[in-house]
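# Tertiary structure, described
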Amino acid sequence: MTPDEMDKFAEDIINGASLSDEDLKKLLAIESEEELEKLYRTARKVRDHFFGNRVFLNCFIYFSTYCKNRCAFCYYNCENDIKRYRLTREDIKETCKVLKGAGFHMIDLTMGEDPYYYDKPERFVELVRTVKEELNLPIMISPGVMNNEILLKARENGADFLALYQETYDRERYAKLRVGQSFEGRVNARRFAKENGYCVEDGLLTGIGNDIESTVLSLRGMKANNPDMVRVMTFIPQEGTPLEGAQQSSNLSELKIIAVQRLFFPDRLIPASLDVEGIDGMVHRLNAGANIVTSILPPNSELDGVANYDRGLKERDRDIKSVISRLESLGMEPASQADFEKVLGH
Ligand code: SAM
Ligand code: MD0
Ligand code: SF4
């Protein structure tokens, strides 16, 4: 495409044009650096139309790494013999203290499907309430598939966003990744949440058994449920898991999918996660069209990430100050809380 054609393409999308499967396939098939740069530039143009140079900042609190599930890609699957932790309510209150005024737009409370919480889900609701009382900020919950009643209670007690990633809409691939878990159960939980006042995030895993066809299927699957936030993360092989020996892919497919997501979901939140490649990686993801930085840890935190590119590294480089100063060096800045409230529909 010539620069003029690219501008026209971005304009069409801004004006509501939707991509066909053929468009999606063509974009996902781009390989040359020159064409990729054009794709990223178009994605940025669309992002800038809706969000300007302003970026949202999401704080990540992985408060329990116990899990009853056996996801083949995940370090925390119950068959992995690893050190785990579960923060107490007091620990979480302490964490909230250091988060006051730090500049986050939202707090992401993530856990494995921890039996401690699944056996007595009111404990989870209580925790959501505590964080809301302490910080009065929007709360994302990433607790896995909780039942509808608990989703409602969590919503009443301060949860605004449900993050629940399908990973793929290719059922065969799903069965290999989310071993033993219902495909519909995950879709339905997200749908129920959306119908009951939550914003929802869906996500894809790339770099593990997906090709262009299955990525198009997954993008369509996501679209059908009208998510407020859409992500893609590169699979990072994890020690002690069934996929330990898999080849680690480059970030190329993730960056390409981020840009395509921006064109397919023009006005939605798209994360640049620090969990895959840290702050240097954040820059590439923002350049591909992302607009919310996720997996920023509380100051001086020793909490885990999920994909954990930095496991074992001394310098973790995942704090909000470093993120903001890097944003500024890119000519971007944190959005206002009022902007975020608008995204939430408040
Ligand atoms: N236990 C909850 C669940 O599974 O929904 C919450 C955790 S969820 C936010 C963890 C997500 O991180 C997965 O859905 C997956 O997309 C991503 N993830 C996990 N392990 C990963 C890995 N090894 N590489 C890349 N992404 C990974
Ligand atoms: C992230 N490590 O944003 C977090 C996590 C869960 N809602 C998010 C995958 O990358
Ligand atoms: Fe458990 Fe979530 Fe990891 Fe699956 S992705 S094993 S549900 S923590």
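Up top is the structure.
Everything numeric in this text was worked out from a predicted model, so none of it was measured. (Residues numbered from 1 in each chain as written. Chains lettered and ligands numbered in written order. Predicted model: local features only at pLDDT ≥ 70, side-chain atom pairs only at ≥ 80, totals over all residues. Heavy atoms only, no water.)

It is worth spelling out the layout of surface pockets at this point. Here the largest pocket defines a volume of roughly 170 Å³. In terms of lining, the largest pocket is formed by Leu28, Glu31, Thr206, Gly207, Asn210, Asp211, Ile212, Thr215, Leu252, Ser253, Lys256 and Ile257. At the level of elements, α10 (212-224) and α11 (252-264) are the ones that each hand at least two residues to the lining of the largest pocket. Each residue belonging to the lining of the largest pocket can be placed in one class, and the counts come to four nonpolar, five polar and three charged. (1 Å grid on protein atoms, 1.4 Å probe; cavity = no way out; pocket = protein on both sides within 12 Å on 5 of 7 lines; lining within 4 Å. Points joined across faces, edges and corners; volume = space filled by probe spheres on them. Helix = DSSP H or I, 4+ residues; strand = E, 2+ residues; numbered from the N terminus. Nonpolar A, V, L, I, M, F, W, Y, C, P; charged D, E, K, R; others polar.)

Neighbouring ligand 1 are 20 residues; Met111, Glu167, Arg178, Arg186 and Ile236 lie closest to it. Taking Phe73, its main chain carries an N or O atom lying 3.0 Å from a nitrogen atom of ligand 1. Note that a nitrogen atom of ligand 1 is positioned 3.2 Å from one of the side-chain N or O atoms of Gln238. Coverage of ligand 1 by the protein chains reaches 94% of its 570 Å² of free accessible surface. The cavity where ligand 1 resides is the largest cavity. (Near = heavy atom within 4 Å. Polar contact = N/O pair within 3.5 Å; in protein donor to acceptor, adjacent residues only side chain to side chain. Areas by Shrake-Rupley, 256 points an atom, 1.4 Å probe, with all protein chains shown as cover. Sits in = over half its atoms within 2 Å of the grid points.)

Before going further, it helps to spend a moment on the nonpolar core. Counting residues in hydrophobic clusters, the biggest one holds 103 residues, and the most contacted among them are Phe63, Ile107, Phe124 and Ile141. Leave out the neighbours within four places in its chain, and Phe124 touches Phe63, Met111, Tyr117, Ile141, Pro143, Met146, Ile150 and Ala154. Among the nonpolar cores identified, the runner-up in size contains 14 residues, and Phe51, Tyr165, Phe340 and Leu344 belong to it. (Core = buried A, V, L, I, M, F, W, Y, C linked by side-chain atoms within 4.5 Å. Buried < 20%, exposed > 50% of the residue type's maximum accessible area, 1.4 Å probe, protein only. Contact = heavy atoms within 4.5 Å.)

Another aspect to go through is the site of ligand 2. Within the structure, ligand 2 sits among 13 residues, and Asp108, Ser142, Ser273, Thr294 and Ser295 are positioned closest to it. Between ligand 2 and the protein, one listed contact pairs a nitrogen atom with a side-chain N or O atom of Ser142 at 2.8 Å. Residue Arg231 places a side-chain N or O atom 3.0 Å away from an oxygen atom belonging to ligand 2. Considered on its own, ligand 2 offers 300 Å² of accessible surface; in the complex 96% of this is hidden by protein. More than half of the atoms belonging to ligand 2 lie within 2 Å of the grid points that define the largest cavity.

So, on to the packing of aromatic side chains. Within this structure, the stated rule accounts for eleven aromatic pairs. Seen from their ring centres, Phe63 and Tyr117 are 5.4 Å apart, and the 85° between their planes marks the pair as edge-to-face. With Phe63 in strand β1 (residues 54-64) and Tyr117 in helix α5 (residues 115-119), this residue pair connects regions lying 54 residues apart in the sequence. Of the two residues examined, Phe63 and Tyr117, each falls in the buried class. Pairing Phe63 with Phe124 gives two aromatic rings, centres 6.3 Å apart and planes at 20°, and the pair type is stacked. Residue Phe63 is located in strand β1, and its partner Phe124 is located in helix α6 (residues 122-135); the two are separated by 61 residues in the primary sequence. According to the relative accessible area criterion, Phe124 is buried, its value standing at 0%. Among the aromatic residues, those joined into a ring-pair cluster are Phe60, Tyr62, Tyr75 and Tyr76. (Phe/Tyr/Trp six-rings, centres within 6.5 Å; stacked < 30°, edge-to-face > 60°.)

What follows covers the side chain of Arg285. Assignment of secondary structure puts Arg285 in helix α12 (residues 274-287). Look at Arg285 and you get buried, because its relative accessible area is 0%. Here the side chain of Arg285 touches Glu277 through a polar contact of 2.8 Å, side chain to side chain. Ignoring sequence-local partners within four residues, the contact set of Arg285 consists of Thr234, Asn251, Glu254, Leu255, Ile258, Ala272, Ser273, Val276, Glu277 and Ala290.

Attention now moves to the packing of α6 against helix α7 (residues 148-156). Relative to each other, α6 and α7 sit at 20°, their axes nearing to 9 Å. As summarised for this structure, α6 and α7 are arranged roughly parallel, according to the angle between their axes. Here α6 and α7 pass one another in a crossing that is right-handed. Residue-level inspection shows Phe124, Val125 and Val128 of α6 in contact with α7, the latter providing Ile150, Lys153 and Ala154. Considered class by class, the residues forming the contact of α6 with α7 number five nonpolar, no polar and one charged. (Axes fitted to C-alpha atoms, helices over the stretch in contact; angles between N-to-C directions. Parallel < 35°, antiparallel > 145°, perpendicular 65-115°, else oblique. Left-handed = near helix turned anticlockwise from the far one by under 90°.)

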